[in-house]
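Analysis of the macromolecular model
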Amino acid sequence: MIRFEDVSVTYDGATEPTVSGVDFEVPEGELVLLVGPSGVGKSTLLGAVSGLVPHFTGGTLRGRVTVAGRDTRTHKPRELADVVGTVGQDPLSHFVTDTVEDELAYGMESLGLAPAVMRRRVEETLDLLGLADLRHRSIATLSGGQRQRVAIGSVLTPHPSVLVLDEPTSALDPAAAEEVLAVLQRLVHDLGTTVLMAEHRLERVIQYADQVVLLPSPGEPTTLGTPAEVMAV
Ligand code: ADP
Ligand code: ADP
């Protein structure tokens with residue numbers, strides 16, 4: 001569903017690539033973790049999936065990244081929005097409306113869906129994320145875990161087949177993190193969504209992963225394995 005083929009990214013002005021020789025596939029319907037220390041290039045690779053890199057960051061992407069067969073270098077993020085939902089590191093910067101309900105609806109506005117379909121998708125997403133009771137609340141009044149779920153919900157209403165998340169639990173306490181991870185697991189198991197998620201702390205999330213991609217340190221090869229295989233390295 002997501003394929004990296006010998007990918008390297010060099011940002012404008014940099015002398016060395018930030019990531020290079022990245023080669024792995026994320027199969028449809030799996031939850032795959034991208035793990036490595038801060039600064040190793042996890043966000044860069046997620047950006048290459050959502051099309052932000054290099055379209056909005058500047059720089060050069062070599063090799064090829066495809067999502068559901070679409071080359072992200074020749075498709076702008078807007079042209080990928082129906083396939084890839086992206087939740088960045090800071091959910092607050094993500095929000096464009098005031099209430100939970102409006103935020104879930106916003107992502108669908110450019111899709112040309114009938115109002116009844118949009119309403120149904122908002123209802124379905126509120127239920128899926130356990131947000132029904134909060135629908136009229138202002139996002140500014142929510143807890144970190146609730147906000148993270150709203151951020152996820154807002155990219156789910158277009159029904160993307162791929163969800164890309166950058167450390168979605170790193171700012172959360174353990175209970176809120178569990179809630180977010182449970183939602184992701186439900187998406188993968190019940191709806192067959194493909195999830196690629198960056199994380200620098202492996203222990204909290206590894207039990208949820210089908211596979212783990214290790215980015216050990218700049219320039220070293222990536223390793224792909226099951227959680228058990230990767231833990232043995
Ligand atoms: P991680 O997500 O693993 O912490 P990043 O992908 O955010 O890593 O960053 C990897 C490296 O790329 C860092 O050295 C960072 O400074 C650099 N970098 C990230 N984004 C940009 C950008 N837009 N322009 C230039 N350099 C960048
Ligand atoms: P509509 O949006 O008109 O209801 P769709 O064919 O787009 O029809 O999707 C309806 C089905 O999609 C429902 O059965 C629902 O369970 C499922 N669904 C809900 N959320 C998602 C999602 N995020 N991604 C894919 N399918 C989803």
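You'll find the structure just up there.
A brief look at the structure comes next. Values in this document were obtained by computation on a predicted structure and should not be read as measured data.

Examining the sheet that holds strand β3 (residues 31–35)
- Overall, mixed pairing links the six strands, which are arranged β6-β7-β8-β3-β9-β10 in an open sheet. Looking at the sheet topology across the chains shown, the edges are occupied by β6 (84–87) and β10 (223–225). Strand-to-strand twist across the sheet, computed as the mean angle between neighbouring axes with direction ignored, equals 15°.
- Sheet topology note: the strand β7 (residues 162–166)/strand β8 (residues 194–199) ladder contains five bridges and is parallel. Pairing of L163 across the sheet is with V195, part of β8.

Points about the site of ligand 2
- Taken together, the neighbourhood of ligand 2 is formed by V117, R120, R121, E124, L156, H159 and L191.
- R120 is positioned with one of its side-chain polar atoms (N or O) 2.7 Å from an oxygen atom of ligand 2.
- R121 places a polar side-chain atom, nitrogen or oxygen, 2.6 Å from an oxygen atom of ligand 2.
- A total of 570 Å² of accessible area belongs to ligand 2 in isolation, and the protein chains cover 59% of it.
- Here the shell around ligand 2 gets four residues from one element, more than from any other, and that element is helix α6 (residues 115–128).

A short note on the sheet that holds strand β5 (residues 70–71)
- Here we have four strands laid out as an open sheet, ordered β2-β1-β4-β5, and antiparallel in their pairing. Looking at strand neighbours, the two that pair on one side only are β2 (19–26) and β5, the edges of this open sheet.
- Strand direction decides the pairing type here: strand β4 (residues 60–67) and β5, joined by two bridges, are antiparallel. Looking at the pairing, V67 lines up with R70 of β5.
- Helix α1 (residues 42–50) rests against β1 (2–10), β2 and β4 of the sheet, and its axis sits at about 120° to β1.

Quick word on the site of ligand 1
- Every residue close to ligand 1 is listed here: Y11, T18, P37, S38, G39, V40, G41, K42, S43, T44 and T57.
- Between ligand 1 and the protein, one listed contact pairs an oxygen atom with a side-chain N or O atom of T18 at 3.5 Å.
- Here an oxygen atom of ligand 1 and a backbone polar atom of G39 are 2.6 Å apart.
- Out of a free accessible area of 570 Å², ligand 1 has 58% covered by protein chains.
- A per-class count over the shell around ligand 1 returns three nonpolar, seven polar and one charged.

Focus: the environment of S20
- Inspection of the secondary structure puts S20 in strand β2.
- Each C-alpha atom of the pair S20 and T10 lies 8.6 Å from the other, and the pair is 10 residues apart in sequence.
- Among all residues touching S20, those that are not within four sequence positions of it are V7 and S8.

Considerations on the pairing of β3
- Counting buried residues along β3, five of its five residues qualify, which places the element largely inside the surrounding structure.
- As judged from the five bridges shared by β3 and β8, these two strands associate in the parallel manner. Paired with V35 across the two strands is E199, which belongs to β8.
- Examined bridge by bridge, β3 and strand β9 (residues 211–214) share four bridges and lie parallel to one another. In the strand pairing of β9, V35 is matched with L214.

Points about the packing of helix α7 (residues 144–156) against helix α8 (residues 174–191)
- Two elements in contact, α7 and α8, have axes whose closest approach is 8 Å; the angle formed by their N-to-C orientations is 20°. Taken as axis vectors, α7 and α8 run roughly parallel relative to one another. Regarding α7 and α8, the two cross each other, and that crossing is right-handed. Residues G145, Q148, R149, I152 and L156 of α7 form the contact with α8, whose participating residues are A176, E179, V180, V183, L184 and L187.
- Across the contact of α7 with α8, the residue classes break down as seven nonpolar, two polar and two charged.

Rules and cut-offs
Residues numbered from 1 in each chain as written. Chains lettered and ligands numbered in written order. Predicted model: local features only at pLDDT ≥ 70, side-chain atom pairs only at ≥ 80, totals over all residues. Heavy atoms only, no water. Pairing = 2+ DSSP bridges. Helix = DSSP H or I, 4+ residues; strand = E, 2+ residues; numbered from the N terminus. Axes fitted to C-alpha atoms, helices over the stretch in contact; angles between N-to-C directions. Near = heavy atom within 4 Å. Polar contact = N/O pair within 3.5 Å; in protein donor to acceptor, adjacent residues only side chain to side chain. Areas by Shrake-Rupley, 256 points an atom, 1.4 Å probe, with all protein chains shown as cover. Contact = heavy atoms within 4.5 Å. Nonpolar A, V, L, I, M, F, W, Y, C, P; charged D, E, K, R; others polar. Buried < 20%, exposed > 50% of the residue type's maximum accessible area, 1.4 Å probe, protein only. Parallel < 35°, antiparallel > 145°, perpendicular 65-115°, else oblique. Left-handed = near helix turned anticlockwise from the far one by under 90°.

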